[in-house]
Structure formats: C-alpha cells, structure tokens
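These are the residues of each chain, in order.
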Amino acid sequence: MAMRDVALQKCINPGCAAEFDCRQSLFKCPHCGDLLDIQYNWDKAAVPGKLSDFANRWASRDKPLDFSGVWRFRDLLDFCPDNHKVTIGEGQTILQQNRAIAEHLGMKPDCLFLQYEGLNPSGSFKDNGMAAAFSHAVMVGATSCACASTGNTSASVALYAHSCGLKCTVFIGSGRIAFGKLSQAMDYGAQTIQIKGDFDDCMRQVQAVCMELGLYLLNSLNPFRLEGQKTIMYRIIEALGWDVPDWIVVPGGNLGNSSAFGKAFLELKQLGLIDRVPRLAIINATGADTLTDLVNNKKLTWNNGQVNQKIIDDYYADLTARHFSPHTCASAIEISRPVNLKKCLRAIDVCHGVVLAVTDQEICDAKALIGKFGLGCEPASAATIAGLKHLLADGVVAKDDRVACVLTGHALKDPNVTVNYHKDNQGQFSNPPIEAPNDLAEIIKLIR
Ligand code: F0G
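These remarks concern the structure in this document. (Residues numbered from 1 in each chain as written. Predicted model: local features only at pLDDT ≥ 70, side-chain atom pairs only at ≥ 80, totals over all residues. Heavy atoms only, no water.)

Check the secondary structure of the chain and you find 16 helices and 13 strands. Looking at the chain as a whole, 58% of its 448 residues qualify as buried. In the chain, of all internal contacts separated by at least 6 residues, the share reaching a separation of at least 24 is 70%. A total of about 17,800 Å² of accessible surface is found on the chain, and carbon and sulfur atoms cover 50% of it. The average position of the 44 basic charges and that of the 47 acidic charges among the side chains of the chain differ by 2 Å. (Helix = DSSP H or I, 4+ residues; strand = E, 2+ residues; numbered from the N terminus. Buried < 20%, exposed > 50% of the residue type's maximum accessible area, 1.4 Å probe, protein only. Contact = heavy atoms within 4.5 Å. Areas by Shrake-Rupley, 256 points an atom, 1.4 Å probe, with all protein chains shown as cover. Lys, Arg positive; Asp, Glu negative; His and termini not counted. Charge placed at Lys NZ, Arg CZ, Asp CG, Glu CD.)

What follows is the structure in structure tokens.
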C-alpha cells in the first residue's frame, strides 16, 4: 500500500480528525459528517526543491501527463498512480496581463492579470478538478457518477465521464442554467435531470441519490476535486516567473475554488516553495451572498477549525423559514448553502482573505469591460473585476499591488446575458447592433 503512505483522507474537524485510505470513496467524514481533506506525507512524495523545477516537464509535453496543466504538478497532488490518472488536455490556460482594464480601474498598468480558465476543454475551471476527481473515480473502480450543478460542473462531468466510460447523471435546477452549459451536458451524453428547485435543492438530492445508489459524487464536496483546482494557483505562479501575486480574486459560489487556493498556498508555504502567501478576495453576487453575510456581519471565522456551527445552523434555518432562494444573473454562483463553507473559512484565515458582494449591474458592466478589453468571460467570472473595483476604492488593494483575477468560465457559456446587456442597452458598455436596410448607400452611412 505504498500510495497510502503518501496521501490520506482526513476530516477537517480537529475534534474528529479521522483518517481514511484514499482508495475509499467518501464525501463526508463517516464519523462526524464534516468535510474531508486530502493530506500528504510530504517526506514520501517526490516534491521538487523549488517550483521552477516543474518547468522541466515542458520538455516532455508529448507525454499527456506532462502536457496536462494539472498533472504537470502531480507531485503536489500525489494521491493516485499514474496509470489511473485521467487527462483530456485540461489546464492549457493563460495568465493575461491586461493594461487596458488596469488603467480603467486606476491601477498601475502592469499590475492586473486575468487567469483565463475558460480556455479549458469544457470551457471552465471545473476541468482542473475533474481531471483529479475522475482519476480517483477510476482508481476506486466507479462505473456511474453524478453531480448537482449550476451548469459548468455538469458540462465538465459529462465530458470527463464519457471520456472515461462512466455513466453520468447531472442534476440541475429547472430554468437556473445558462444555455451554453445545458447544451454541453446533453451533447456529451449525460442523463440530465431538471429538478423543480434551485442548486441547493439539487445538491441535497444528489447526495441522497449517490448514497442510495452508490454513484460516485463529483461535486466539490469530493476532496479530490479540490486537489486538481490547486493547480490553477500553480499556473499563476508559473506565469509570473515562479513568483506569487499580492492578491488572488475569485468568484464565490460553492466555495470549492477559494478552498482549494487556500490549501494550495498553505501547502506551498509549509513546503518552503513560496516565501509569502498572497491575499485572497472572494466575491459573491448580492443575490447569493451567504459567505459575505456570515463573515462580514455574523463574524464567522475558521477559529483553528472550531467553527461556530450554531451561527451557520441559525443562518440556514432562517433561510429555510423565509423560503429564501438565491437570485443573480451570474447563475453559476446562485448558491445560498455553499458546501465548502468551512474550508473557505480556512482559506480566508491562511490568506488573510476578504469577502464582499457585488450587484448584478456591476457584474454585467464588468463582464462587458472584460469582453471589450480581454478574452471575455461569463457573468460569474466578471464578479472578480467588479469586486476589485470596490477593493481599490476602499483602499484594501493598492494601485500597485499585483492582482490575479480568476476568470472561471468562457464568454460563450451564457450568451443570453451578453446579448441582452448589449441589445437592450443595459449598461455603460452596451454595444447594441444597428438595424440597417438592405441598401449599400444606407449601410455605408452607418459605418463608424
Ligand atoms: N465561476 C463559475 C463560472 C462557476 O461555474 C462556478 C461554480 C463558480 C465560479 C463558483 O466556484 O463553487 O468553486 O465557488 N459552478 C458550480 C457548478 C457550482 O455547478 O457549475 P466555486
């Protein structure tokens, strides 16, 4: 059992701290129900002496695992043997320095970077997590899998499932998913179940279904997902010449990414591979701002793992009593009971993080700005730039801080929001199409 020695699953609740073999398929601690983490015995892992050593893998990128933007860093997520590792070429994403948006925000022009995770095979960052989680699924011999989703998880799961030969069922909230994403799940052959409810209802149902039928669960409750998502941070560091930025800005939904990023930096610091940890800003939409409310108003903290569960329970009881359902045009982050809440609190602790919420109007304007000057993104991703604007105005982020915003999903995921914003003149960057008669002279007059 050599692998067991390198990695194990461990309950994040310090009062429990139960440990389990990585060959088990568990999504919550069987003893106390808390979240599970993957922990490594670093002495037994082949961790390089410095991060830049990973650059050597570029010389052998004809090998799929060295080409993968996830598995290129496999020594930092060493939980399964190479023959089980799954890759479809994920993680070929770029960190774009964006001077135009920086100037627009009043930042020093060379200080803003956009990490384009929309360039992944299914068009979102989820593929980083799925490469890792499907490797685990293959390792444990899973034959059927499932997820709940606001859209991108379902697209990514459906793509990886068919490439690994697993049966796949995805649960989505009826009317709550952008068409680009729904079209992918159907096209990639997933059984798509539309529940009359929101994401949180789907999340609850899928866990029950997975327990009942023994399906492999691919939501970010699955700790192996987060191991893959750590690599987004490694690639940002790589693109900055193996240096860390001052800030990472990320949208917050189910809080898998923020949790994974915090874990990535905690581990790199413990390993002595970085000398400082960047700060983390997590941006909610105002219509789905559980994290912001709990952290900023209810003062919920990680507290060395002794999270005040009563604050969370009372908060959720109130949501239930009010029949609250979250609403935002950024449907990807339309979530009010984020499953990784506690791990995210840990990330905030590790990275001295901040949390805030932005309005749908701010999100749409920021999205159009990114479209005009960058490679484009879906609404949830644009929450980063909308949030950064606030952080600059409040003096939390300095004009010359180096900031990396994670643009989580591709612009084509949600064409409706984009078309409506421009066509209906919904904001300051609207660029509506112009009606023209089928007449050359009239058309020429219109060209500007
Ligand atoms: N951005 C996009 C484009 C997403 O699809 C999601 C989550 C997030 C941000 C939030 O990330 O959950 O790690 O905080 N989408 C999930 C889904 C929930 O089902 O596709 P998170």
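On the basis of which strands lie adjacent, the open sheet formed by four strands has the order S8-S7-S6-S9 and parallel pairing. Looking along the sheet, the strands with just one partner apiece sit at the ends: strand S8 (191–195) and strand S9 (216–217). Bridge count for strand S6 (residues 144–149) against S9 is two bridges, and the pairing is parallel. What sits directly across from Cys145, in S9, is Tyr216. Packed on one face of the sheet, helix H5 (residues 152–164) meets S6 and strand S7 (167–173) and runs near 165° to S6. Here helix H7 (residues 199–213) sits on the sheet in contact with S6, S7, S8 and S9, set at roughly 160° to S6. (Pairing = 2+ DSSP bridges. Axes fitted to C-alpha atoms, helices over the stretch in contact; angles between N-to-C directions.)

Turning our attention to the site of the ligand. Lining the immediate surroundings of the ligand are 21 residues, of which Thr150, Thr153, Gly253, Asn254 and Thr408 lie closest. Lys126 has a polar side-chain atom sitting 2.8 Å from a nitrogen atom of the ligand. Contact distances for the ligand include 2.7 Å between an oxygen atom and a backbone N or O atom of Thr153. Relative to its free-state accessible area of 480 Å², the ligand is covered by the protein chains to the extent of 99%. Looking at the shell around the ligand, the elements that each hand over two or more residues are H5 and helix H9 (256–270). (Near = heavy atom within 4 Å. Polar contact = N/O pair within 3.5 Å; in protein donor to acceptor, adjacent residues only side chain to side chain.)

So, about the packing of helix H4 (residues 126–139) against helix H8 (residues 223–239). Their axes nearest at 6 Å, the elements H4 and H8 cross at an angle of 140°. Comparing their axes, H8 and H4 come out oblique. Crossing handedness for the pair H4 and H8: right-handed. Residues Lys126, Asn128, Gly129, Met130, Ala132, Ala133 and His136 of H4 form the contact with H8, whose own contacting residues are Phe224, Arg225, Gly228, Gln229, Thr231, Ile232 and Arg235. (Parallel < 35°, antiparallel > 145°, perpendicular 65-115°, else oblique. Left-handed = near helix turned anticlockwise from the far one by under 90°.)

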